[in-house]
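Commentary on secondary and tertiary structure
The lines below spell out each chain.
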Amino acid sequence: MVKITGSKFDMYDENDTKAVTFRNCVAGILENGEVSSLGGYKHHHFTTRLQHSLNVSYYSYCLCRKLGWDFRSAARAGLMHDLYFFENTSVDENGQKLLKNHPFRALENSERIFELNEIEKDAIVNHMWPCISLSRPRFKESMVVSFSDKFCAVIEATLGASLFAARKSSAAANSIASGISDAYVQTKETSLYMLRSIRGTAANVIRLACSFII
Ligand SMILES: [Fe+2]
Ligand SMILES: [Fe+2]
């Protein structure tokens, strides 16, 4: 099952109309090799760019579907909005961060691989609005993709940080528990050794005493 961060939605549930419709919307994009390769890039510290793109696609789809808007374009644009193939920390030969222009790279890549409508192009190139965009999204669906992008960044960072903290606490607890367990085993072994020594000595003393009596 492909999970959506912060949701129990199962996109491969054949009995769920919402899941079947979502899969139809993103068909051809999700299976594409270049899109799949986004799974190899770390994103927002705790997730991959593919997972983030799928999250944005799903939440944009849900919101637009609920509002009676073009959910297909929103789902597709969400999946393509971060379609660029460099690390977020990469810089060019002048030391400029490549991330600054990533909406343009994502649009270039998306247009090279897929056929896009105007809503999808606008949603991809303006998804960083109002952070680093040249213009405000022109369509309500583009606005939804932009909003979902921020929403997903927050839930990915929050859930990721919580999981990280939980794993660290669990590792610390395990280490304390294993320390206690080691100490218990050592104490038990030492006690048994001492008991055996005392028993051996007592047996020798009794044997010696008996030899005098007999
Ligand atoms: Fe982005
Ligand atoms: Fe994004």
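One structure accompanies this document, and this report is about it. (Residues numbered from 1 in each chain as written. Chains lettered and ligands numbered in written order. Predicted model: local features only at pLDDT ≥ 70, side-chain atom pairs only at ≥ 80, totals over all residues.)

1. Overview of the overall build of the protein chain
Each helix and strand in the protein chain was counted, giving seven helices and two strands. Listed N to C, the secondary structure of the protein chain is α-α-β-β-α-α-α-α-α in terms of helices and strands. Considering only intrachain contacts with a sequence separation of at least 6, the fraction spanning at least 24 residues in the protein chain is 56%. (Helix = DSSP H or I, 4+ residues; strand = E, 2+ residues; numbered from the N terminus. Contact = placed C-beta atoms within 7 Å.)

2. Let's talk about the environment of Asn 24
Positionally, Asn 24 belongs in helix H1 (residues 17-26). Overall, Asn 24 belongs to the exposed group, with 11 C-beta atoms counted inside 10 Å. Each C-alpha atom of the pair Asn 24 and Arg 72 lies 8.6 Å from the other, and the pair is 48 residues apart in sequence. (Buried ≥ 20, exposed ≤ 12 C-beta atoms within 10 Å, placed from the backbone.)

3. Notes on the nonpolar core
In this structure, Tyr 61, Ala 74 and Ala 75 are the most contacted members of the largest nonpolar core, which totals 36 residues. Apart from residues no more than four positions distant in its own chain, Tyr 61 is found in contact with Phe 22, Cys 25, Phe 71, Ala 74, Ala 75 and Gly 78. (Core = buried A, V, L, I, M, F, W, Y, C linked by C-beta atoms within 7 Å.)

4. Some words on helix H3 (residues 49-67)
With 19 residues, H3 ought to run about 27 Å at 1.5 Å a step, and its terminal C-alpha atoms sit 27 Å apart, in line with that. The element H3 is largely enclosed, with a buried count of 16 among its 19 residues. Count one or two residues on from H3 and you reach Gly 68, which has phi positive near 75 degrees. (Expected span 1.5 Å × (residues − 1).)

5. Considering the packing of helix H4 (residues 71-80) against helix H6 (residues 118-125)
Axes are the key here: two packed helices are described by the angle between their axes and the distance separating the axes. For the pair H4 and H6, the least separation of the axes is 9 Å and the interaxial angle reads 40 degrees. Considering their axes alone, H4 and H6 lie oblique with respect to each other. The two elements H4 and H6 cross, and the hand of that crossing is right-handed. In this structure, H4 contributes Ser 73, Ala 74, Arg 76, Ala 77 and Met 80 to the contact, and H6 contributes Ile 119, Glu 120, Ala 123 and Ile 124. Split into classes, the residues belonging to the contact of H4 with H6 amount to six nonpolar, one polar and two charged. (Axes fitted to C-alpha atoms, helices over the stretch in contact; angles between N-to-C directions. Parallel < 35°, antiparallel > 145°, perpendicular 65-115°, else oblique. Left-handed = near helix turned anticlockwise from the far one by under 90°. Nonpolar A, V, L, I, M, F, W, Y, C, P; charged D, E, K, R; others polar.)

6. Brief notes about unusual backbone geometry
With omega at 5 degrees, the peptide bond leading from Trp 129 into Pro 130 counts as cis. As for its position among the elements, Pro 130 is in the loop between H6 and helix H7 (140-213). Backbone geometry at His 44 places phi at a positive 50 degrees, although glycine is not the residue there. Here His 44 falls in the partly exposed class, since 19 other C-beta atoms lie within 10 Å of it.

7. Points about the environment of Val 91
Secondary-structure assignment places Val 91 in the loop between H4 and helix H5 (102-113). The exposure class assigned to Val 91 is partly exposed, which follows from the 13 C-beta atoms found within 10 Å.

8. A short note on H5
Between the first and last C-alpha of H5 there are 16 Å, a value that for 12 residues agrees with the 16 Å anticipated at 1.5 Å per step. When we look at burial in H5, the residues that qualify are His 102, Pro 103, Ala 106, Leu 107 and Ser 110. For H5, the angular spread of buried residues about the axis comes to 140 degrees, placing them on one side. (Arc of directions from axis to C-beta.)

9. Things to note about the packing of H3 against H4
Running from amino to carboxyl end, H3 crosses H4 at an angle of 165 degrees, the nearest separation of the two axes being 7 Å. Taken together, H3 and H4 sit at an angle that is classed as roughly antiparallel. Of the two elements, H3 crosses H4, and the hand of that crossing is right-handed. Contact residues: Ser 53, Leu 54, Val 56, Ser 57, Ser 60, Tyr 61, Cys 64 and Arg 65 in H3; Phe 71, Ala 74, Ala 75, Gly 78 and Leu 79 in H4. Taken together, the residues of the contact of H3 with H4 break down into eight nonpolar, four polar and one charged.

10. Let's talk about the environment of Ile 124
Among the structural elements, Ile 124 can be located in helix H6. A C-alpha to C-alpha distance of 4.5 Å links Ile 124 and His 81, two positions 43 residues apart in sequence. Leave out the neighbours within four places in its chain, and Ile 124 touches Ala 77, Met 80, His 81, Pro 103, Ala 106, Leu 107 and Ser 110.

Purely spatial values, then, with no claim about function.
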